[in-house]
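# Summary of structural features
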Amino acid sequence: MAGRRIMVVGAGITGLTVAHRLVVDHPHLDVTILEASTVTGGKLRTTPLAGLGIDIDEGADAFLVRVPWATDLCAELGLSDGLVAPSARGASLWLDGRLRPIPSPNVLGVPLDPATVAPGLLPDADLERLAGAGRPDVPLPAGDLSVGRVIRACVGDTVFERLVDPLIGGVNAGRADDLSCTTMAPGLLAASRNPDGLLATLRHASLKTDPTAPVFNTPRAGMGRLVGELTSRLGDRIRTGVEVTRIERADSGWVVCSTDGTTAAVDAVVLATPAHVAATLVAPHAPEAASVLGGLRHASVVVATMAWRRSDLEVPGDQSGFLVGRGEGLLMTACSFAGSKWAHLDDPDHTILRVSCGRIDDERHDTMDDPRLASALAADVTATLGVQAPPVVVRLTRWPRSLVQFPVGHPDLMAELHSAMAASPGLVVTGAVRHGVGIPACVRSGTEAAVEVADLVG
Ligand SMILES: Cc1cc2nc3c(=O)[nH]c(=O)nc-3n(C[C@H](O)[C@H](O)[C@H](O)COP(=O)(O)OP(=O)(O)OC[C@H]3O[C@@H](n4cnc5c(N)ncnc54)[C@H](O)[C@@H]3O)c2cc1C
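What comes next is a walk through the structure. What you see is a predicted model, and the numbers here were worked out from it, not measured in a lab.

## Here we look at the overall build of the chain
Counting its regular elements, the chain contains 16 helices and 22 strands. Against the globule reference of 23 Å for 458 residues, the chain gives a C-alpha radius of gyration of 23 Å, in line with a compact fold. Judged by the C-alpha coordinates and their principal axes, the chain covers about 70 × 55 × 45 Å. For the chain, the proportion of its 458 residues judged to be buried stands at 52%. Taking as baseline every contact in the chain between residues at least 6 positions apart, the subset at least 24 positions apart corresponds to 72%. Counting 39 positive and 51 negative side-chain charges, the chain places the centres of these two groups 1 Å from one another.

In structure tokens:
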């Protein structure tokens, strides 16, 4: 393996993980990362909020701790002591023009106890059904199904539309009626097929989990801390401001061509870019893989970080924010109370909100310039939280084509991708497309790609 050259394309969390794993686990490999942007991290970006001097994430702001990959990576990097959990655990939904608490306990929006459902949230017939086992009337067919198909069959349309779709669809700004349950919520799919019924199975499983254990963590300094640690360990192996435009096959290995006019001959290339970029780069070598990747849709979203004087707007300290139901007529899809959610962002003089908009079927934000978008989102905050004064700080971060959608049958598509790429040994595709958009899933995808590529060149 000594001296073998590996090129990683993209320095988001996936690409940084690939490179980190290769450098640590296979120190004889010669690893380089090319990153199109001038900074590393991709959708993990922590920057100071102008005027307030507080560092706040522009994209992802936390990772799930009930799966191991991100937590383990932080531990390996010595970051565990700096991780914090949200200080507010409650959250609400904006439905029928008012805020309603999300029933707790719930699993991805499925309430486990109908007594915790706020009055008026669900019709009586659905509450009765929620008191039962949650068995579908007709057994569900084998194979992957949409989240909507599973939840509608087991607990009814209203529970799906009012509770589950906002939560699961919110993860990747998708429509849960179109999303693969195997990829987005494998636990719900398995529980729906348990003869005991979805609800009975989830209730039983919940007895084994500690309800007070945190669900999310973040570095106190923001997700940029994780990116910064990986970036500094990788050092000059990373070249920023270099966009890869073409990959060519060579006699042995690959040649990577980039916008800075350079070409690099390498033994293997790992593409850790969004799927639509990988589609273009693999097209000349693996057209079937390109058509799988290019066929996936991506949602565009915006995060508006907005601050009000505390004298103008206060939010409950025990609430982390709210999600907005489909069809409520608002542009905003979610509103996170940054200072209630994270103690380290609790500013004595300002109430800071992270307001999101954009869904796979709602691209209105794309037609608005920044001032119009900012004022439309501020109007939504007025409609939901009642504040009349304008925000004193507004920062818009647009994330075009940022959240890949996982159609029903996505695992089969990934198997197709894998076999289509087999004809191009040494060219590996990874990233959120593999296992999901969450940070832990990306770390897992990066780790797997590192193992694959090391095996290939070894
Ligand atoms: C607004 C928002 C909020 C989110 N919130 C959360 C959250 O709270 N928790 C969570 O777990 N997940 C969250 N996610 C999802 C998560 O952030 C992403 O799925 C994850 O960061 C993707 O990482 P990645 O490395 O695969 O891709 P990216 O972060 O997109 O990185 C890919 C990199 O490749 C580079 N690149 C692209 N093309 C080229 C090229 N041709 N040459 C060289 N470089 C190239 C890009 O510049 C980029 O840096 C959120 C996503 C968004 C958009």
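## Structural notes on the pairing of strand β4 (residues 54-57)
Relative to β4, strand β3 (residues 46-49) is paired through four bridges, and the arrangement is antiparallel. In the strand pairing of β4, T46 is matched with D57.

## Side note on helix α11 (residues 287-294)
Among the residues making up α11, those that are buried are A289, A290, V292 and L293. Buried residues of α11, seen end-on, are gathered within an arc of 160° and therefore sit on one face of the element. Pointing more than 90 degrees away from the buried face of α11 are the exposed residues P287, E288 and S291. Against the buried residues of α11 lie α10 (275-282), α14 (410-421), β22 (427-429) and α15 (432-435).

## Digging into the packing of helix α1 (residues 13-25) against helix α9 (residues 224-234)
Two numbers describe how α1 lies on α9: the axes approach to 10 Å, and their chain directions differ by 40°. Our classification of the angle between α1 and α9 gives oblique. For the element pair α1 and α9, the recorded crossing hand is left-handed. Within the contact between the two elements, α1 uses I13, L16, A19, H20 and V23 and α9 uses L226, V227, L230, T231, R233 and L234.

## Quick notes on the nonpolar core
If you look at the biggest cluster of nonpolar residues, it comprises 64 residues, and the most contacted ones within it are V147, I151, L198, V269, L271, V282 and L293. Judged by nonpolar contacts, the second largest core, of 38 residues, contains A70, V270, I439 and A450.

## Here we look at the packing of α1 against helix α16 (residues 439-457)
Here α1 crosses α16 at 40°, and the two axes come no closer than 8 Å. Overall, the two elements α1 and α16 adopt an arrangement that is oblique. Both α1 and α16 take part in a crossing whose hand is right-handed. Across the interface between the two elements, I13, T14, T17, V18, R21 and L22 from α1 touch I439, C442, V443, G446, T447, A449, A450, V453 and A454 from α16. Split by residue class, the contact of α1 with α16 holds 10 nonpolar, four polar and one charged.

## Some thoughts on the site of the ligand
Taken together, 35 residues sit near the ligand, with T14, E35, A62, V437 and I439 positioned nearest. Here T14 contributes a side-chain N or O atom positioned 2.7 Å from an oxygen atom of the ligand. Bound to the protein, the ligand loses 87% of the 1000 Å² it would expose on its own. At the level of secondary structure, the elements contributing two or more residues to the shell around the ligand comprise α1, β2 (30-35), β17 (298-309), β21 (393-404) and α16. Considering each element in turn, the shell around the ligand owes the most residues, three residues, to β21. Of the residues contributing to the shell around the ligand, the split by class is 21 nonpolar, 10 polar and four charged.

Calculation criteria
- Residues numbered from 1 in each chain as written.
- Predicted model: local features only at pLDDT ≥ 70, side-chain atom pairs only at ≥ 80, totals over all residues.
- Heavy atoms only, no water.
- Helix = DSSP H or I, 4+ residues; strand = E, 2+ residues; numbered from the N terminus.
- Rg over C-alpha atoms; globule rule 2.2 N^0.38 Å.
- Buried < 20%, exposed > 50% of the residue type's maximum accessible area, 1.4 Å probe, protein only.
- Contact = heavy atoms within 4.5 Å.
- Lys, Arg positive; Asp, Glu negative; His and termini not counted.
- Charge placed at Lys NZ, Arg CZ, Asp CG, Glu CD.
- Pairing = 2+ DSSP bridges.
- Arc of directions from axis to C-beta.
- Axes fitted to C-alpha atoms, helices over the stretch in contact; angles between N-to-C directions.
- Parallel < 35°, antiparallel > 145°, perpendicular 65-115°, else oblique.
- Left-handed = near helix turned anticlockwise from the far one by under 90°.
- Core = buried A, V, L, I, M, F, W, Y, C linked by side-chain atoms within 4.5 Å.
- Nonpolar A, V, L, I, M, F, W, Y, C, P; charged D, E, K, R; others polar.
- Near = heavy atom within 4 Å.
- Polar contact = N/O pair within 3.5 Å; in protein donor to acceptor, adjacent residues only side chain to side chain.
- Areas by Shrake-Rupley, 256 points an atom, 1.4 Å probe, with all protein chains shown as cover.

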